[in-house]
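Commentary on secondary and tertiary structure
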Amino acid sequence: MTLDATIQTELGQNSEIPLYRQIEEDLLSQITAGQLSQGEMIPPERELCERYGVSRITVRRAIGELETRGYVRRQQGKGTFVSRSRIRREMGRLISFSEEMKAQGHSPGSRLLNLQHRPADKSVAGLLHIPEGHPIWIVERLRLADDEITSLSISYLNLPVHVYLTPVELNTEISLWSLLEHKGIIISEAETAVRAISADAHYARLLDVEEGDPLLVREGVNYGLSDLSELAPIEAFQVISRADRYQYALHLVHRAYG
């Protein structure tokens, strides 16, 4: 449903809210109401300037804010389109990507890019509490939801010497955690943090985004029981996700103490 450029929307010129922010919120309300549907191209800047009675600089800033928030996506030479709704990832739950996608009604997928068994470098060894040069497994995969690439996952695994990983296993079992559980390794605790970056050429190619597009990086360490039945680092990980398709959520509860 396209906007009628002949109908001008009045903005609060004397409002404390900047004009670009008013335009941003007006367009967002149309997106959430379904007036602008997913995958639909929003009107060109010229039409929006006429509709709102503002300069092109103001319109560009409003669209830029919507893009930063993940509601629209620019495609060079084509226009600006309403993004698909983002996948919600609960940070307060220790659950695999595959399990969470299924719980949300998505079909999870995985595409193996790289599997190595080699000595740990200094930084990974420090995270896994092992000596530098200790052999580890490196698993690099693309994660998919409904056959669409959402993230790049890199796992550095300190596994018992008798545990092996094969490409066949990793291409057959979508969930790495399920595969490890079959081998007697259960992830029970985790430490994680999230930060934002811009896509470089490598990430842009793998995740099918433009260079400079916003990405979310979640990294940390997952813990499980070691051979000595003690909690120990099992996996150091890094997950690089498309910000237009992914969001992290955390449920917080306030508790008053007397």
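See above for the structure.
Worth saying up front: this structure is predicted, and the values here are computed from it rather than measured. (Residues numbered from 1 in each chain as written. Predicted model: local features only at pLDDT ≥ 70, side-chain atom pairs only at ≥ 80, totals over all residues. Heavy atoms only, no water.)

Take the packing of helix α2 (residues 45-52) against helix α3 (residues 56-68) next. α3 packs onto α2 with a crossing angle of 110 degrees between their chain directions and a minimal axis gap of 9 Å. Classified by the interaxial angle, the pair formed by α2 and α3 is roughly perpendicular. For the pair α2 and α3, contact is made by E45, R46, L48 and C49 and by R56, V59, R60 and I63, respectively. Among the residues forming the contact of α2 with α3, the class breakdown is four nonpolar, no polar and four charged. (Axes fitted to C-alpha atoms, helices over the stretch in contact; angles between N-to-C directions. Helix = DSSP H or I, 4+ residues; strand = E, 2+ residues; numbered from the N terminus. Parallel < 35°, antiparallel > 145°, perpendicular 65-115°, else oblique. Contact = heavy atoms within 4.5 Å. Nonpolar A, V, L, I, M, F, W, Y, C, P; charged D, E, K, R; others polar.)

In this section: the sheet that holds strand β9 (residues 231-242). Judged by pairing direction, the sheet is antiparallel, and its six strands sit side by side in the order β4-β5-β6-β9-β8-β7 without closing on themselves. The open sheet terminates on both sides in strands that have one partner only, identified here as β4 (108-119) and β7 (187-198). Going across the sheet, the axis of each strand differs from the next one's by a mean of 15 degrees, ignoring polarity. Relative to strand β6 (residues 148-157), strand β5 (residues 135-145) is paired through nine bridges, and the arrangement is antiparallel. Bridge pairing in β6 places W137 opposite L157. (Pairing = 2+ DSSP bridges.)

Spatial relationships are all this shows, so hold off on functional conclusions.
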